[in-house]
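Residue strings, one per chain:
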Amino acid sequence: QVQLVDSGGGLVQAGGSLRLSCAASGRTLHLYVMGWFRQAPGKEREFVAANSRSGGTDYADSVKGRFTISRDNARNTVYLQMNNLKPEDTAVYYCAAVFAYSSSISRTSASYRDWGQGTQVTVSS
């Protein structure tokens, strides 16, 4: 099991940027698929981005071209750089991890075993 701590959320105006961090402990991340999900009030948790153990990435259509997921295995940390933020990006953002037996990436939250506590992102118009 890996312990995850999310940080970096905050209040930003539309068009602004934020970088979320997910610091891991207990295991090294290079063997894990790392994902970011978000949940807005009254809505289901949705996939945002993921990064495979081989470096492949996947993004939800709504964030493609604006968000970038990356990892620093030496720091055991995953990042989500969010640019050109929109009010509809407002949500609690969660990082998630699952041990990877292959280079495939899942967009399904149920596929991920370990979760961070979440960090609030609010984008004002």
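One can find the structure itself at the top, above this paragraph.
Counting starts from 1 at the beginning of each chain's written sequence and moves along it residue by residue. It should be noted that, the model being predicted, local features are given only for residues of pLDDT at least 70 and side-chain atom pairs only at 80 or more, the latter also being counted only at that level, while totals for whole chains, interfaces and linings use all residues. The side-chain quantities take in all heavy atoms of the structure and omit both hydrogens and water.

To continue, consider the pairing of strand E3 (residues 18-25). Each pair of strands is called paired provided DSSP finds at least two bridges between the two strands. A helix here means a DSSP run of H or I that spans at least four residues, while a strand means a run of E at least two residues long, and both kinds are numbered starting from the N terminus. Summarising the sheet, strand E1 (residues 3-7) and E3 pair through five bridges and their orientation is antiparallel. Across the sheet, the residue bridging to Asp6 is Cys22, located in E3. Note: E3 against strand E8 (residues 77-82), six bridges, orientation antiparallel. Of the residues in E8, the one forming a bridge with Ser21 is Tyr79.

Across the sheet, which stays open at both edges, the four strands sit in the order E1-E3-E8-E7 with antiparallel pairing between neighbours. Bordering the open sheet on either side are E1 and strand E7 (67-72), each of which pairs with just one other strand. Across the sheet, the mean angle from the axis of one strand to that of its neighbour is 15°, orientation sign disregarded. Between N-to-C directions, angles cover 0 to 180 degrees, with each direction set by a line fitted to C-alpha atoms, over the stretch in contact for helices.

Moving on, we come to the nonpolar core. Residues grouped as a nonpolar core are buried Ala, Val, Leu, Ile, Met, Phe, Trp, Tyr and Cys residues, joined through side-chain atoms within 4.5 Å. A simple rule labels every residue: compare its accessible area, found with a 1.4 Å probe on the protein chains alone, to the largest value its type can have, and call it buried under 20%, exposed over 50%, or partly exposed in between. Ranked by internal contacts, the top residues of the largest apolar core, which has 37 residues, are Trp36, Leu80, Met82 and Tyr93. Here this core takes six residues from strand E9 (residues 91-99), the largest share from any one element. Here Leu80 is in contact with Leu18, Arg19, Leu20, Trp36, Val48, Ala49, Phe67, Thr68, Ile69 and Tyr93, once residues within four sequence places are set aside. Throughout, a residue-residue contact means that at least one pair of heavy atoms, one from each residue, lies within 4.5 Å.

Right, let's talk about the packing of aromatic side chains for a bit. Note on aromatic pairs: the rings of Phe, Tyr and Trp (six-membered ring only in Trp) are paired at centre separations within 6.5 Å, and the planes decide the class, stacked below 30 degrees, edge-to-face beyond 60, tilted for the rest. The full count for this structure, using the stated rule, is seven aromatic pairs. Consider the rings of Phe37 and Tyr112, whose centres lie 5.2 Å apart with planes at 75°: the pair is edge-to-face. Note that Phe37 is positioned in strand E4 (residues 32-39) and Tyr112 in the loop between E9 and strand E10 (114-115), a separation of 75 residues in sequence. Across the pair, Tyr112 and Phe37 agree in class, each one buried. Look at Phe37 and Trp115: their rings are 5.2 Å apart centre to centre, the planes differ by 55°, and that puts the pair in the tilted class. Placement of Phe37 in strand E4 and of Trp115 in strand E10 is noted, with a sequence separation of 78 residues between them. Taken together, the ring pairs in this structure connect Phe37, Phe47, Tyr94, Tyr112 and Trp115 into an aromatic cluster. Above the face of the Tyr94 ring, Arg45 is positioned so that its terminal group lies 3.9 Å from the ring centre. Note on geometry: a ring has a charge over it if NZ (lysine) or CZ (arginine) is within 6 Å of the ring centre and within 35 degrees of the ring normal.

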